[in-house]
Each structure stands twice: as structure tokens, then as C-alpha cells.
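Results of the structural survey
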Amino acid sequence: MTDTTAPVVDILCVGAGFSGLYAAYKAAEQGWTFAGYETAPDVGGTWLWNTYPGARCDVESVYYSYSFSEELQQEWTWSERFAPQAEILSYINHVADRFDLRRHFRFDTTVVAANWLPDEHLWELTLDSGDTRRGRYLLAGSGGLSTPKDFDVPGLENFTGLTVSTSRWTISLDDLAGKRVAVIGTGSSAVQCIPLIAEVAEHLTVFQRTPNYVFPARNAPLPAETVAETKSRYPAVREECRHSPGGIPDRPVTDRAFDVSDEERQERYERAYERSGFLGVGAEFADLLFDLKANRTASDFMRQKIRQIVHDPRAASLLEPQFHALGAKRSCFGTDYYETFNRPNVSLVSLREERITTMTSGSIVTESGSYEVDVIVLAIGFDAFTGPLFALNVTTPRAGRLQNAWSDGVRTYLGTMTAGFPNFFMIGGPQSPALASNVVVTIEQAVDWITDLISHAKAEGSEVIEPTTEAQKDWVGITEATVNQTLYATTDSWYRGSNVTGKPTTFLGYVGGVGKYRRMCTEIAKRGYPGVLIGGQAVAPGIGRIDEEIA
Ligand code: NAP
């Protein structure tokens, strides 16, 4: 029912995670009215849902946090190098309280449709209650990894034991004590929970389809001196993150894998392995993500590490990544991951050797055998980026539903807007740097840029903002040309949508670096937003190859 007493707001926003909260903060700063909607009962986004054992961020917490307030970054102290889920959620709650942001959101409320009203120049949201709400601009802060992938494991409906998914975890680790547990999947979520489940389960069977490269997380308490040192120069640290390739302080390398001797390369990989993190082994030489032969030196190093750690040669060989280059799929960071396969109560099933054919009430049946289990943990990932956007049923009379407009692949302008959908903005959307960056840095940049564009349009007296199809084509060309130079382009993964059956294959990120992306966005703003129709006018129809102009 349309609430006729509810005023039209400036900003409608979906999601109360890092994106939505910062959007609410910025809107308040601008004096704009804001109405946010969130399915969950509280703030937190991904950090509210993903409560599986061992969940923590693998970007260091001193960087994976907001930079917009010096007071906030001085008063909050992270306890570990990689904060656990509960601590990140406490931080998000602290931010919501400190800046009084909760009042802008309605919780336990799902947006089921978003319709553009062309005559009024307004978006109308339909909520799961049936209520509607109108606003001038619609911001999707719904996250990239928030819609769980469908349970596409055969026969799951036959299983009568407990089934739990890492992305909607509902039990405690104690509930798995003494149980026969199966974990299906070996991505980042599985890598974090497997060692902890193994410690309590009677038996754990890991069902692996594709072995990943798992680096030691090297998590540890953060020494007080490190915290003090970071805080003493936080503004400079944040600036470094904003202008880096990945949103964390860079460790630039220019030499290539074969520029050095075999001995030196080995020594450097050993040091990088000790250091770990996203600037570890996979970033030790400049050509590792671009040249398969160079990459093989790093992947061989990791395979050798796995063979050194895992005692059973057959398990070791199954765990050795064989099907993709190191770094071409999202790297995983774990604590005692490979060591866990030395435990007597842990076994490994390769789904490449024996596919799951069905399940019974108490077992998983493969082509070669049957595995009796009490609990199945699904760690099978997400319908990344487009899943959460399509769930909103964003529709305009001219372009139809977003899922139809993108039926043969994603098309965006800077990962922020899409032609045919006026006044609709994605925070860290597909084809933005969100996929391969410290996402908090990407979110702040996106919200700032969108806010500046809206302010600019308002100053021009215009209500309607929309990218041109030419500019969108330019941006899609830039994202494709950038990724096609890398080994990401050679690998099936959620990065390309290939983890979801029937999803069109589009690389879902811009991988030219957050620093370069920021420079391009800044330049576009300076030039008066070429490629954006503001009140029907554009200073230029496209952005050309701005990536080539901006070093
Ligand atoms: P994921 O990386 O997509 O991994 C899903 C796993 O499930 C893969 O091993 C996949 O195998 C397997 N799988 C999927 N469908 C299957 C099926 N039907 N049968 C058997 N196996 C199946 O998902 P995720 O681990 O949840 O991680 C997703 C992303 O979330 C990460 O890449 C990361 O960006 C983020 N994340 C971050 C953290 C962190 O910061 N520490 C933690 C968790 C997640 P294939 O590889 O063969 O498809």
C-alpha cells in the first residue's frame, strides 16, 4: 500500500552494511533526506550473516575500516591483524551508534521491487510488507557477495540430517561436536571453517571440486606499538590505500620472475610465504598475474609447500591446485588448513574423481561410494554482484527489468550506473574495483563520487542523471581490455559468473587498480562528467579510452 503520509526522500538505499551506512552518513552531511531498507534485523551486511566458525576478514583490519572520520579511526582499536567476524560486526555497530545512523534504516524489511516513474522522476520501492516508498535517487548498497548461490548439489532434498550454509550460519560450533560432518566446497569460507570443525567433529569429510591455493593467514594479536604507529599516521596510510592497486599499502615490484636466479626466486617466495597476505607469494614478481610461465614458478612453489605439509601423498596430490594459475581465482588464507588433512578424523573426497550423484537421508552418494554423515555444511559461494541487484527487480518502462537489460552480460558506466536506469546507482557494483580490492576503500570512493555527481546535477537544476550507451560501451571495453591482459580472464570462477549455472559470463570487476580507477573518476568529474546525461544533456557522449590517458 502506498504510504501517502511518507514524504518523498532524496535518497532511497538498499542495505545497511559498509555501503549503506556510509551513504546514510554522507546524505546526512549534505542535508538530504534518506530512507534505507535492510532485510536483516540490524546493521552489518555480510558481517552479520557470515558467522560461520573462523570467519574473519583477510584484509588487515587497520585498512579494512572507514577512513572518513579521524576521530573514529583514533578511538577504535583492532585487536588482531585480521579481525574476527564478531569484532568487525561490533565495529560496524559502533559506527552506526556513534554517527546515529540506525534511525535512517528500516530493518527486517526486504525491497521486492524498484520501479522508475518517468513522469515524476522518482523511484518507487515496494517492500515485502506491500508498502511503497518514493525517492529521487536509488542507491544499491546491497553488496557483491550477499546472495547465496542456490543449493545446486544433487539429492540434497533427500538428506534429513542437519544442513547449514556458511553464508547463513545458524548453529554453534558445539552443535557439531561428536558428529560426522561433511563440508562441500573449498573456497575462502570453507578454508576458514574446516580446521575448526575438524577439531570438534567425530569425523570430517571435505568434498573438494577445485583445489585452491591456500596461504597461511599468519593472523596474530596486533601489538600495541603497531596500533599506535598506524594511528599516528593514519591520514597518510589511508591516502596510500586510496592510491594503491588493491586498497592496501602497496609493496611495488618491477622485476619479473625470470629476471632473477632460481635460488633468488626461491628465497623470495619463502620470504613472501612468511609475510603472506595479498602482497605475499602472488605479488612477489610483476608478471605473475600476466604470464603463465612466470606464474608457474609461484604455483610450483605452493605445490611443493603442500607436499611438505600434508603427510599422505594421495591427499597432498589432491590438494595441489592443478586447474588454474595462482591468483587467477580469489586466493584463500587459512590457519592450519593443509595441516588439518593430517588429522586422523579428516578425509578428502575429490569431486573431480567421483561426482556426487545423489544423497540419501543420511549419506552423500558419489560415483564411487557412499559417505554417512550427520551434518552437511555447504560452503558453495554466492551469486556474486548481479544476484543482489537482480533481487531488487529494478525496472524502468524504457529498459525493462535490469536482469533483462543484462541478459547477455553486465553493462555499466564505471560500475556505478547503467544506461536506461536513470538515478540508479550501484555502490561497488559489477565492473567497479570492488571485486579485487579492499572493498571499504572502494565503497568510500564510490559513495563520495556519487554524492558529488548528485550535488553537481542539483546545482545545475537537473533531477535526472543517466549514463549514455556510448560511455557505457567505453567502460565495458576498458574493463574487458584490462582483464584480458591478465590470467583472471583464463579462469572460471565467481569473478566471471561461471560458478552459477546459466549466468552470462562477464568479468565482474575492474582490475586496473583502485588508484587508477580513482584518478579516472576524478578526471571524469573534473571534465563535467562526460558520458553522463544530466537533465538530458551530456558534455560529451563517451569517455573514450580514458584509461590510456590516465597513467
Ligand atoms: P567460493 O569461493 O565461490 O567457493 C565455493 C566453493 O564451493 C568452491 O570450492 C566451489 O568449487 C565449491 N562448489 C560450488 N558449487 C558446488 C557444487 N554444486 N558442488 C560441489 N562444490 C561446489 O565461495 P566462498 O568460499 O563463500 O567465498 C566467496 C568469496 O567471498 C571469496 O572469494 C571472498 O572474496 C569472500 N570471502 C572472503 C573471506 C575473507 O575475507 N576471509 C571469507 C569468506 C569469503 P569450484 O571452485 O569448483 O567452483
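Everything here concerns the structure above.
These lines cover the structure that appears in this document, whether it is placed above or below. (Residues numbered from 1 in each chain as written. Predicted model: local features only at pLDDT ≥ 70, side-chain atom pairs only at ≥ 80, totals over all residues. Heavy atoms only, no water.)

1. Concerning the sheet that holds strand β8 (residues 180-184)
Within the open sheet, the five strands sit side by side as β7-β16-β8-β9-β12. Their pairing is parallel. Looking at the sheet topology across the chains shown, the edges are occupied by β7 (162-165) and β12 (346-350). The average angle at which neighbouring strand axes cross in this sheet is 20 degrees, direction not considered. (Pairing = 2+ DSSP bridges. Helix = DSSP H or I, 4+ residues; strand = E, 2+ residues; numbered from the N terminus. Axes fitted to C-alpha atoms, helices over the stretch in contact; angles between N-to-C directions.)

2. A few points about the pattern of salt bridges
Per the counting criterion, the structure on display carries 42 salt bridges. Residue E463 is joined to R136 by a salt bridge in which the shortest nitrogen-to-oxygen separation is 3.2 Å. Of this pair, E463 sits in the loop between α14 (439-459) and β20 (465-467) while R136 sits in strand β6 (residues 132-140); the two residues are 327 residues apart in sequence, bridging distant segments of the chain. In this structure E463 comes out as partly exposed when scored by relative accessible area, which is 36%. Its salt-bridge partner being R180, residue E372 comes within 3.3 Å of it at the nearest N-O pair. Here the residue E372 occupies a position in strand β15 (residues 370-372), and R180 occupies one in strand β8, the gap between them amounting to 192 residues. Overall, E372 belongs to the exposed group, its relative accessible area being 56%. The exposure class assigned to R180 is partly exposed, which follows from its relative accessible area of 26%. Through salt bridges with shared partners, a single ionic network connects R251, D255, E264, R268, R275 and E284. (Salt bridge = Lys/Arg side-chain N within 4 Å of Asp/Glu carboxyl O. Buried < 20%, exposed > 50% of the residue type's maximum accessible area, 1.4 Å probe, protein only.)

3. Brief notes about the sheet that holds β15
Spatially, β13-β14-β15 is the arrangement adopted by the three strands of the open sheet, whose pairing is antiparallel. On the outer flanks of this sheet lie β13 (356-359) and β15, each paired with one strand and no other. Direction aside, the axes of adjacent strands within the sheet are offset by 20 degrees on average. Relative to strand β14 (residues 363-366), β13 runs antiparallel, the two being bridged by three bridges. Along β14, the bridge assignment pairs I356 with T366.

4. Describing the packing of aromatic side chains
Summed over the entire model, instances satisfying the criterion amount to 38 aromatic pairs. Arranged with centres 5.2 Å apart and planes meeting at 65 degrees, the rings of Y337 and Y338 form a pair that is edge-to-face. A cation sits over an aromatic face here: K305 above Y273, 4.8 Å from the ring centre. Over the face of the ring belonging to F323 we find R352, whose NZ or CZ atom lies 3.8 Å from the ring centre. (Phe/Tyr/Trp six-rings, centres within 6.5 Å; stacked < 30°, edge-to-face > 60°. Lys NZ or Arg CZ within 6 Å of the ring centre and 35° of its normal.)

5. A word on the nonpolar core
Counting 72 residues, the largest nonpolar core has F18, Y66 and W449 as the members making the most contacts within it. Broken down by element, this core gets its largest block of residues, 10 residues, from α14. Not counting chain neighbours up to four residues away, the residues in contact with F18 comprise W47, Y64, Y66, I88, Y91, I92, V440 and I443. Core analysis: the second largest hydrophobic core is formed by 51 residues, A55, F285, A315 and A316 among them. (Core = buried A, V, L, I, M, F, W, Y, C linked by side-chain atoms within 4.5 Å. Contact = heavy atoms within 4.5 Å.)

6. Some remarks on the site of the ligand
Near the ligand, the surroundings consist of 25 residues, among which R56, S189, R209, T210 and K329 are the closest. A distance of 2.9 Å separates an oxygen atom of the ligand from a polar atom in the side chain of D58. S188 places a polar main-chain atom, nitrogen or oxygen, 3.0 Å from an oxygen atom of the ligand. Coverage of the ligand by the protein amounts to 88% of the 910 Å² it exposes when considered alone. The dominant element in the shell around the ligand, judged by the number of residues it contributes, is helix α5 (residues 188-200), at three residues. Looking at the shell around the ligand, its residues break down into 10 nonpolar, eight polar and seven charged. (Near = heavy atom within 4 Å. Polar contact = N/O pair within 3.5 Å; in protein donor to acceptor, adjacent residues only side chain to side chain. Areas by Shrake-Rupley, 256 points an atom, 1.4 Å probe, with all protein chains shown as cover. Nonpolar A, V, L, I, M, F, W, Y, C, P; charged D, E, K, R; others polar.)

7. A few points about the packing of α14 against helix α16 (residues 514-526)
The N-to-C vectors of α14 and α16 enclose an angle of 5 degrees; their axes lie 11 Å apart at closest approach. In terms of orientation, α14 and α16 fall into the roughly parallel class. Mapping the contact onto sequence places V441, T442, Q445 and W449 in α14 and V514, Y517, R518, C521, T522, I524 and A525 in α16. By residue class, the composition of the contact of α14 with α16 is seven nonpolar, three polar and one charged. (Parallel < 35°, antiparallel > 145°, perpendicular 65-115°, else oblique.)

8. Notes on the environment of G515
By the secondary structure assignment, G515 is in helix α16. Each C-alpha atom, one on G515 and one on R242, is 5.9 Å from the other, the two residues being 273 residues apart in sequence. Setting aside residues no more than four positions away along its own chain, G515 makes contact with R242, H243 and S244.

9. Some thoughts on unusual backbone geometry
One non-glycine residue, D108, adopts positive backbone phi at about 55 degrees. Here D108 is to be found in the loop between β3 (105-106) and β4 (111-117). If you check the backbone angles, N423 has positive phi at about 60 degrees while not being a glycine. For N423, the location among the structural elements is in the loop between α13 (402-405) and β19 (424-426). Note on N423: relative accessible area 1%, which makes it buried.

10. Things to note about the side chain of E320
Its location among the elements puts E320 in the loop between α10 (313-319) and β11 (332-334). Filtering out sequence-adjacent residues up to four positions away, E320 remains in contact with P211, R303, I306 and R307.

Purely geometric stuff here, so don't read any function into it on its own.
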